[in-house]
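The lines below spell out each chain.
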Amino acid sequence: MISFGFPLFLMAVGVVVMWQPRTKRWQNRLARHMGGDQRRVKQRANTFLLLGFAFLLAGFAMLYRLASGS
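Since the structure is predicted, the reported quantities are computational estimates derived from the model, not experimental observations. (Residues numbered from 1 in each chain as written. Predicted model: local features only at pLDDT ≥ 70, side-chain atom pairs only at ≥ 80, totals over all residues. Heavy atoms only, no water.)

Caption draft 1: Region of the structure containing helix H1 (residues 5–19). The end-to-end C-alpha distance of H1 is 21 Å, a good match for the 21 Å that 15 residues give at a rise of 1.5 Å each. By the burial criterion, the buried members of H1 are Pro7, Leu10, Met11, Gly14 and Val17. The arc enclosing the buried residues of H1, seen along the axis, measures out at 125°, which places them on a common side. Each element contacted by the buried residues of H1 is listed here: helix H3 (38–68). (Helix = DSSP H or I, 4+ residues; strand = E, 2+ residues; numbered from the N terminus. Expected span 1.5 Å × (residues − 1). Buried < 20%, exposed > 50% of the residue type's maximum accessible area, 1.4 Å probe, protein only. Arc of directions from axis to C-beta. Contact = heavy atoms within 4.5 Å.)

Caption draft 2: Here's a closer look at the environment of Met11. The residue Met11 is located in helix H1 in this model. In the structure, Met11 is positioned 46 residues away from Leu57 in sequence and 7.7 Å away in space, judged by C-alpha atoms. If near-sequence neighbours (up to four positions away) are discounted, Met11 is found in contact with Phe55, Leu56, Gly59, Phe60 and Leu63.

Caption draft 3: Focus on the packing of aromatic side chains. Applying the stated criterion across every chain, the model contains 1 aromatic pair. Here Trp26 and Phe48 contribute two aromatic rings whose centre-to-centre distance is 5.5 Å and whose plane-to-plane angle is 70°, an arrangement assigned as edge-to-face. Residue Trp26 is found in helix H2 (residues 24–33), and its partner Phe48 is found in helix H3; the two are separated by 22 residues along the sequence. For Trp26, a relative accessible area of 12% corresponds to the buried category. Given a relative accessible area of 23%, Phe48 falls into the partly exposed group. (Phe/Tyr/Trp six-rings, centres within 6.5 Å; stacked < 30°, edge-to-face > 60°.)

Any link to function would need more than the numbers given here.
Next comes the structure, spelled out in structure tokens:
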């Protein structure tokens, strides 16, 4: 049986992964890595946003399953 800790952990990781591309340090490092191509930097930030949202949804789904008793 799954405890409440794992879904909450997934949700916290999702929020961190979604928030990370918004930091100035992350944007500077990625722009330097990609040679200043802002289109690719924005594309990578959107990928992280979707990945974080997937973690958030997985956490909510597990919490719902625990709450419903299925």
